[in-house]
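Working through the structure, step by step
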Amino acid sequence: MSRFRFLFGWEFRNLLRFPVLELLVGFAVYLAVLSGEGGTSFNFPASIGSQIASHIQRHFHTKVQYLYVPMLFAAVVFASVGIAREIEAGYVKVMLSYPMRRRDLFLAKFLSCFLATLAIVGGAAFAVMFVQNWSVSLYIVSFPFTVFSVLVLLVVQTFYVTCVAAVVAVLSKNTALSFIGSFGVLYLPDYMSGLIGVKVPFLPPDSTGILGNFLLLGDTSAFWRLYDLTTFLEATVVPILIGAVLFQFSYVYFTRRFDVV
Amino acid sequence: MRLIEVRGLVKCFGGVVALSGIDLEASRGAFGFVGPNGAGKTTMVKILLGLMRASRGEARIFGLDVWEESFAIRRRVGVLHEKPTFPGWVTGVEFLEYVCKLKGLREPRKTALKELCFFGLAEAAGRQIGGYSAGMMQRLGLAQAFVGEPELVFLDEPTANLDPLGRAEFLEMVKERCRDGGISVVISTHILSELERVCDSVAILFEGAVLEQGGLDELARKYSEDLCLVDSTDNKRMLEGLERLGSVEGAWIEEEIVKVKVRDRRRFEKDVVGLAHDLGLGVRRLEPVLSGLEDVYKQVLRRGGVVE
């Protein structure tokens, strides 16, 4: 376990060579400036439920969908740089010549990609929630369930995106191919849904409206009602299942079938 | 127990056969793979390290299966790959410390610095690897391969990027380290003079097959049978007598010693003894001319029908 932790630390540090902080600031500015409506109509002591719904509708849900931009971009870049490029450049060959299990190396790489992506997505979400309009944040943090639900959705969908990017990176073993291929695979369900007429709104990037819609389901008068469970399950269980299958595939390929060239 | 045992090893990449049923054995000491580019040397090394899976056959190091027990093997070996790539964003000492930790060595920082000093990188230890020259990179490669005194070190085309002086220095470092540490080494190269300087035994590979293998002396004797040296008390008279023998194809004097191309060596030795007796000459030397590895290599390829 300590060997894995050490390996994970090295991989994560390796990914942080990428300008994560700059990306984070860039996305935060993008989300805060481009997608926002300014100001707030804070009117205490009006109905708190009404205020929350109103503010979320006006500020949060319109922006939260933009989180898919950093999510997709970060996951694809990290997997391409952290996995495909390292295979292509020969780092993986060198690493696997040391007393290191393939399983540990793969898990360390995957986990570092996932967490680095999550850090960017989380940072951007933080910007959406708190940076542009601080008064909205007061309402949002008053209801941790809302924040928690959004974070669960983000974690699950980040996991799915990372799984897609990782499997393409491992199979392609080429940085450019991994970058282009990952976007291709991620947009495939959207493209296919257009062809066959069946929508898959619960997988990124087509699920841009999910977070916003999810938050809007509790409208002004009925904010305290339960959130739509079906939507929530679709947006969490399906990406987890598909992601798990892809993760398993890339894991087995890397640990059992992968010839280091 | 043999250090390396390989039986019927086959590796195919799609329709291309990279290794076609290789059998070989290597004992402790310095062993070399030699062959032209594309002979399968690097593929062989990668399979032995568990980086590639063989299509068929069996390979063992220290008696352990190279694929199933690869982790246990890699705890006991060091490797310098062909054109090695090390992370350019860390310093030499940071990288070597990381390797020490992976190998589970005590006092990783101290060990790393000691190793860098041995390979002449003490001054560059604190510099980022990205700024290293090709020679420094190769030294760092040696340092990471030999750190922790492994039982066996693989060196794949270790001098490919070095100038002649750098090569000589590099080989001296390898020899010194192997001699002092009792470390066995497997070198894969197409530069024959390197193997001759370092190795005790070699395997000659061509297009994925082992054409010949054995100790350097053994191979030299085996492929030197048709050339002998004769030094007698009167080499001019000896030469005249030798030219009349049926077991001799040709003879000449070179550096005051008679060199003879023989047809049948056993018969030749008897004939020379008889001739010396008849001529009343004393024989000071009668021995085959040992071929260098380059001669052996050419003859092996010629006999294998690879070259004319």
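In this text the structure is predicted, and so the values were computed from the model without any measurement.

1. Looking at the overall build of chain B
Per the secondary structure count, chain B includes eleven helices and 14 strands. Viewed in the frame of its principal axes, chain B has a C-alpha envelope of about 75 × 45 × 35 Å. Burial analysis of chain B (308 residues in total) assigns 53% to the buried set. Across chain B, contacts joining residues at least 24 apart in sequence account for 65% of those joining residues at least 6 apart.

2. Some words on the nonpolar core
Within the largest apolar cluster, 143 residues are counted, with the highest numbers of intra-cluster contacts made by B:Ile4, B:Phe33, B:Leu48, B:Phe95 and B:Phe154. Those residues in contact with B:Phe33 that lie beyond four places of it in its chain are B:Leu24, B:Lys41, B:Met44, B:Val45, B:Leu48, B:Val186, B:Ile187, B:Ser188, B:Thr189, B:Leu195, B:Ala203 and B:Leu205.

3. Looking at the pattern of salt bridges
The full count for this structure, using the stated rule, is 24 salt bridges over all chains. Taking the shortest distance from any N to any O, the salt bridge between B:Arg2 and B:Glu25 comes out at 3.1 Å. With B:Arg2 in the segment before β1 (4–13) and B:Glu25 in strand β2 (residues 16–26), this pair connects stretches of sequence that are 23 residues apart. Its salt-bridge partner being B:Glu149, residue B:Arg177 comes within 2.6 Å of it at the nearest N-O pair. Within this pair, whereas B:Arg177 is found in helix α6 (residues 164–181), its partner B:Glu149 is found in the loop between α5 (134–146) and β7 (152–156), the two being separated by 28 residues in sequence. Within this structure, A:Glu11, A:Glu86 and A:Lys109 form a network of salt bridges that share partners.

4. Some words on the packing of aromatic side chains
Under the criterion given, the structure shown has 19 aromatic pairs over all chains. Where A:Phe114 meets A:Phe159, the ring centres are 6.3 Å apart and the plane angle is 85°; that geometry is what we call edge-to-face. Within this pair, whereas A:Phe114 is found in helix α6 (residues 102–131), its partner A:Phe159 is found in helix α8 (residues 144–172), the two being separated by 45 residues in sequence. Pairing B:Phe86 with B:Phe95 gives two aromatic rings, centres 5.1 Å apart and planes at 45°, and the pair type is tilted. The two residues B:Phe86 and B:Phe95 agree in class, both being buried. Lying across the ring of B:Trp89, A:Arg17 places its NZ or CZ 3.6 Å from the centre. The ring of B:Phe62 is capped by B:Arg76, whose NZ or CZ atom sits 4.0 Å from the centre of that ring.

5. Topic: the pairing of strand β6 (residues 77–80) of chain B
Looking along a regular strand, one sees the side chains alternate between the two faces of the sheet. Residues and elements named next belong to chain B. Alternating positions in β6 separate into two faces, Val77 and Val79 on one and Gly78 and Leu80 on the other, with burial throughout. Judged from the four bridges that link them, β6 and β7 form a sheet pairing that is parallel. Residue valine 79 lies in a different strand from β7, and its bridge partner there is phenylalanine 154.

6. Examining the confidence of the model for chain B
Of all residues in chain B, 97% have pLDDT values of 70 or greater, and the mean over the chain is 87. Across the interfaces of the predicted complex, the ipTM metric reaches 0.79, alongside a pTM of 0.80.

7. Some words on a nonpolar patch on the surface
Residue and element names in this part refer to chain A. A contiguous nonpolar surface patch, about 620 Å² in accessible area, is contributed by Leu188, Tyr191, Met192, Leu195, Ile196 and Val198. Relative to the helices and strands, leucine 195 is located in helix α9 (residues 175–196). On the accessibility criterion, leucine 195 (57% relative accessible area) is exposed.

8. Points about the interface of chain A and chain B
With 28 residues of chain A at the contact, the number on the chain B side is 29 residues. When the two sides are added together, the surface that chain A and chain B hide from each other amounts to roughly 2800 Å², 61% of it contributed by carbon and sulfur. Per-residue buried area on chain A facing chain B is highest for A:Trp10, A:Tyr98 and A:Pro99; these three make up 22% of the total on that side. Across the pair A:Arg256 and B:Glu68 runs a salt bridge whose closest N-O atoms are separated by 3.7 Å. Put simply, chain A and chain B have eleven residue pairs in polar contact (both at pLDDT 80 or more) between them. Contributing elements (two or more residues each) for the side of chain A that touches chain B: α1 (2–15), α4 (68–89), α5 (91–95) and α11 (229–257) of chain A. Tallying contributions element by element places α1(A) first for the side of chain A that touches chain B, with six residues.

9. Digging into α9(A)
Residues and elements named next belong to chain A. Across its 22 residues, α9 extends 31 Å between first and last C-alpha, which sits within 8% of the 32 Å expected from 1.5 Å per residue. The axis of α9 is deflected most strongly, by about 40°, at leucine 188, and proline proline 189 appears within four residues downstream. Here α9 has its buried residues at Ser178, Ser182, Leu186 and Ser193. If you check the start of α9, you find a side-chain oxygen 3.1 Å away from the backbone N of alanine 176, and it comes from asparagine 174. Looking one or two residues beyond α9, the residue adopting positive phi is glycine 197, at roughly 80°.

10. What to know about the sheet that holds strand β5 (residues 64–65) of chain B
Residue and element names in this part refer to chain B. Taken together, four strands build an open sheet; the order of strands is β2-β1-β4-β5 and the sheet is antiparallel. Of all the strands in the sheet, just β2 and β5 have a single pairing partner and so form its edges. Pairing of β1 with β2 involves eight bridges; the strand directions are antiparallel. Looking across to β2, one finds that cysteine 12 is bridged to valine 17. Helix α1 (residues 41–48) contacts β1, β2 and β4 (56–61) of the sheet and is inclined by roughly 115° relative to β1.

11. Topic: the sheet that holds strand β12 (residues 248–254) of chain B
Residue and element names in this part refer to chain B. Sheet architecture is open: four strands sit in the order β12-β13-β11-β14, paired in antiparallel fashion. Each having just a single partner strand, β12 and β14 (283–288) make up the two edges of the open sheet. Adjacent strand axes in the sheet meet at a mean angle of 20°, parallel and antiparallel pairs treated alike. Pairing analysis gives four bridges linking strand β11 (residues 227–232) to strand β13 (residues 257–262), with the strands arranged antiparallel. Each bridged residue has a counterpart across the sheet, and for leucine 227 the counterpart in β13 is lysine 261. On top of the sheet, helix α9 (residues 235–242) reaches β11, β12, β13 and β14; it is set at about 165° to β12, its chief contact. Running at roughly 170° to β14, helix α10 (residues 265–279) makes contact with β11, β12, β13 and β14 of the sheet.

Cut-offs used in this document
Residues numbered from 1 in each chain as written. Chains lettered and ligands numbered in written order. Predicted model: local features only at pLDDT ≥ 70, side-chain atom pairs only at ≥ 80, totals over all residues. Heavy atoms only, no water. Helix = DSSP H or I, 4+ residues; strand = E, 2+ residues; numbered from the N terminus. Buried < 20%, exposed > 50% of the residue type's maximum accessible area, 1.4 Å probe, protein only. Contact = heavy atoms within 4.5 Å. Core = buried A, V, L, I, M, F, W, Y, C linked by side-chain atoms within 4.5 Å. Salt bridge = Lys/Arg side-chain N within 4 Å of Asp/Glu carboxyl O. Phe/Tyr/Trp six-rings, centres within 6.5 Å; stacked < 30°, edge-to-face > 60°. Lys NZ or Arg CZ within 6 Å of the ring centre and 35° of its normal. Pairing = 2+ DSSP bridges. pLDDT = per-residue confidence, 0-100. Patch = residues over 30% accessible without salt bridge, like charges linked within 9 Å, V, L, I, M, F, W, Y side chains within 5 Å. Areas by Shrake-Rupley, 256 points an atom, 1.4 Å probe, with all protein chains shown as cover. Buried area = accessible area lost by both parts, 1.4 Å probe. Polar contact = N/O pair within 3.5 Å; in protein donor to acceptor, adjacent residues only side chain to side chain. Expected span 1.5 Å × (residues − 1). Bend = angle between axes of the 7 residues up to and from the residue. Axes fitted to C-alpha atoms, helices over the stretch in contact; angles between N-to-C directions.

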